[in-house]
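Topology and contacts: notes
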Amino acid sequence: MKAKTKTNPRSKKGDGIIKNLLYDIRYNPYLCLLALPAVIWFCVFSYAPLVYLIASFKKYSAVKGLWGSDWVGFKNFKAFFGSKNFYTVTFNTLYLNALFIISSMLVSILIAIALSEVSRKWFKKITQSVVILPHFISWTVVALLCEALLKTNNGFINNILATLGFERINFYQNADVWPALLTFLKVWQGAGYGSIVYLATITGLDQEMYEAARVDGATRGKCIRYLTLPLLKSTAVMLFIMSIGKIFNGDFGMIYNLVLNNTMLYRTTDVIDTYVYRMLVESSNIGQSSAVSLYQSIMGLVIVLGTNALTKKLDPDSALF
């Protein structure tokens, strides 16, 4: 049975959200019912836990509970901002995520363009499956593979270097090589999966433009440069803004599984998420860990709002909202 939708003829820019919501419930009940499970999920798992952010301003005690714990104000924030870990984890989170976002986006666009230029469907499907496959491999499995490849004594890469006459590299004691290594692994794991959106955008483009360009003598490279890339700009900017919103969220699963408790690598790999986890496990400081998480969320919100505002001013059609 098809759900008949009806738009609000009186809906204007100044109307309230509650008024429009009640109108939709009345005239589009089936669509509202379809969205109800998602609304309940977000309310239970995303909005209800926000109550516990009050622990950021308390010296949390499991015995006294959330509401009975002593109020300490901004002491948890001051303790974090005053420590040397504040600068380390903040810089590492921003730096690594910037590398991940830029490199993954560029490689995803290249993969999408390359796949769109393949004419044989069977080869295209096989290639797309191969580049998407790493997305479904657990970081635990990747960590075991990396250990086999990067070990100093019997690692595959070091064995090749020794055979060629080069010195072995102690990857697990050299923190400087890990930003590049983590970026490579992130691109390998996510670029293929991220290319799906770009490939769908390219597939939906009007093919008559390409035919007209070829008639005028445009080569394949010029079609990509002057047609495909400009038409991908809006999609790329929208995905970039959405990625920027997570720039303060370190990939805990990847970094923790690859680095574990190797303190020699913390200088370039320790991010906010792993720092909060260690704080909970080692010191059970729930108040300060909640304060760090709140700082992380607020900064992510500020950055995504700022990026969207800048995009809206420069190119309104590419803004997210």
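Whatever comes next refers back to the structure up there.
Residues numbered from 1 in each chain as written. Predicted model: local features only at pLDDT ≥ 70, side-chain atom pairs only at ≥ 80, totals over all residues. Heavy atoms only, no water.

**Here's the deal with the pattern of salt bridges**
One pass over the full model with this rule turns up five salt bridges. Measuring nitrogen to oxygen at the nearest pair gives 2.5 Å for the salt bridge that ties K186 to D251. Taken as a pair, K186 in helix α9 (residues 178–203) and D251 in the loop between α12 (233–244) and α13 (252–259) lie far apart in primary sequence, 65 residues in all. Residue classification places D251 among the buried positions, given a relative accessible area of 18%. (Salt bridge = Lys/Arg side-chain N within 4 Å of Asp/Glu carboxyl O. Helix = DSSP H or I, 4+ residues; strand = E, 2+ residues; numbered from the N terminus. Buried < 20%, exposed > 50% of the residue type's maximum accessible area, 1.4 Å probe, protein only.)

**Re helix α15 (residues 272–283)**
Because an α-helix packs 3.6 residues into every turn, residues spaced three or four apart end up facing the same way. Helix length check: α15, at 12 residues, gives a terminal C-alpha distance of 16 Å against a target of 16 Å (1.5 Å per residue), a fit within 8%. Among the residues of α15, I272, T274, Y275, V276, R278 and M279 are the ones counted as buried. The elements touched by buried residues of α15 are α4 (75–81), α5 (84–116), α13, α14 (266–269) and α16 (286–314). One or two steps after α15, the chain reaches S284, where phi turns positive at roughly 55°. (Expected span 1.5 Å × (residues − 1). Contact = heavy atoms within 4.5 Å.)

**Considerations on the packing of aromatic side chains**
Under the defined criterion, the tally for this structure stands at 24 aromatic pairs. Measuring from centroid to centroid gives 5.6 Å for F57 and F74, while their planes differ by 90°, and the two rings are edge-to-face. Here F57 is found in the loop between α2 (29–47) and β1 (58–59), whereas its partner F74 is found in the loop between β2 (70–71) and α4, with 17 residues between them in sequence. Taking the ring centre of Y266 as reference, the NZ or CZ of R278 above it sits at 4.3 Å. (Phe/Tyr/Trp six-rings, centres within 6.5 Å; stacked < 30°, edge-to-face > 60°. Lys NZ or Arg CZ within 6 Å of the ring centre and 35° of its normal.)

**Some details on the packing of α12 against α16**
It is the contact of α12 with α16, at a shortest axis distance of 8 Å, that shows an interaxial angle of 155°. One finds that α12 runs roughly antiparallel with respect to α16. In contact with V237, F240, I241 and I244 of α12, α16 contributes I303, V304, T307, N308 and T311. Looking at the contact of α12 with α16, its residues break down into six nonpolar, three polar and no charged. (Axes fitted to C-alpha atoms, helices over the stretch in contact; angles between N-to-C directions. Parallel < 35°, antiparallel > 145°, perpendicular 65-115°, else oblique. Nonpolar A, V, L, I, M, F, W, Y, C, P; charged D, E, K, R; others polar.)

**Remarks on the nonpolar core**
In terms of nonpolar packing, the biggest core is built from 20 residues, with W178, L182, L185, M254, I255 and L258 touching the most fellow members. Those elements giving two or more residues to this core turn out to be α5, α7 (139–150), α9 and α13. Ranked by residues supplied to this core, first place goes to α7 with five residues. Not counting chain neighbours up to four residues away, the residues in contact with L185 comprise W139, V142, C146 and L258. If you look at the next biggest cluster of nonpolar residues, it comprises 15 residues, including I113, L115, V187 and A191. (Core = buried A, V, L, I, M, F, W, Y, C linked by side-chain atoms within 4.5 Å.)

**A closer look at the side chain of N158**
By the element assignment, N158 lies in helix α8 (residues 156–163). A distance of 2.9 Å separates a polar atom in the side chain of N158 from the backbone oxygen of K151. Filtering out sequence-adjacent residues up to four positions away, N158 remains in contact with L149, L150, K151, T152, R168, I169 and F171. (Polar contact = N/O pair within 3.5 Å; in protein donor to acceptor, adjacent residues only side chain to side chain.)

**Overview of the side chain of T269**
Assignment of secondary structure puts T269 in helix α14. Judged by its relative accessible area of 1%, T269 falls in the buried class.

**Here we look at a nonpolar patch on the surface**
A grouping of L33, L36, V39, I40, W41, F42, V44, F45, Y47 and L50 is seen on the molecular surface, where their side chains present a nonpolar patch of about 1,000 Å² in accessible area. The residue F45 is located in helix α2 in this model. (Patch = residues over 30% accessible without salt bridge, like charges linked within 9 Å, V, L, I, M, F, W, Y side chains within 5 Å. Areas by Shrake-Rupley, 256 points an atom, 1.4 Å probe, with all protein chains shown as cover.)

**Examining the packing of α5 against α12**
Each pair of packed helices can be summarised by the angle the axes make with each other and by the distance between the axes. One way to put it is that α5 packs onto α12 with a least axis distance of 11 Å and a crossing angle of 150°. On the basis of the axis angle, α5 is roughly antiparallel to α12. α5 and α12 meet at a crossing whose hand is right-handed. On α12, the residues that touch I101, M105 and I109 of α5 are A236, L239, F240, S243 and I244. (Left-handed = near helix turned anticlockwise from the far one by under 90°.)

Everything listed here is a matter of geometry and, on its own, says nothing about what the molecule does.
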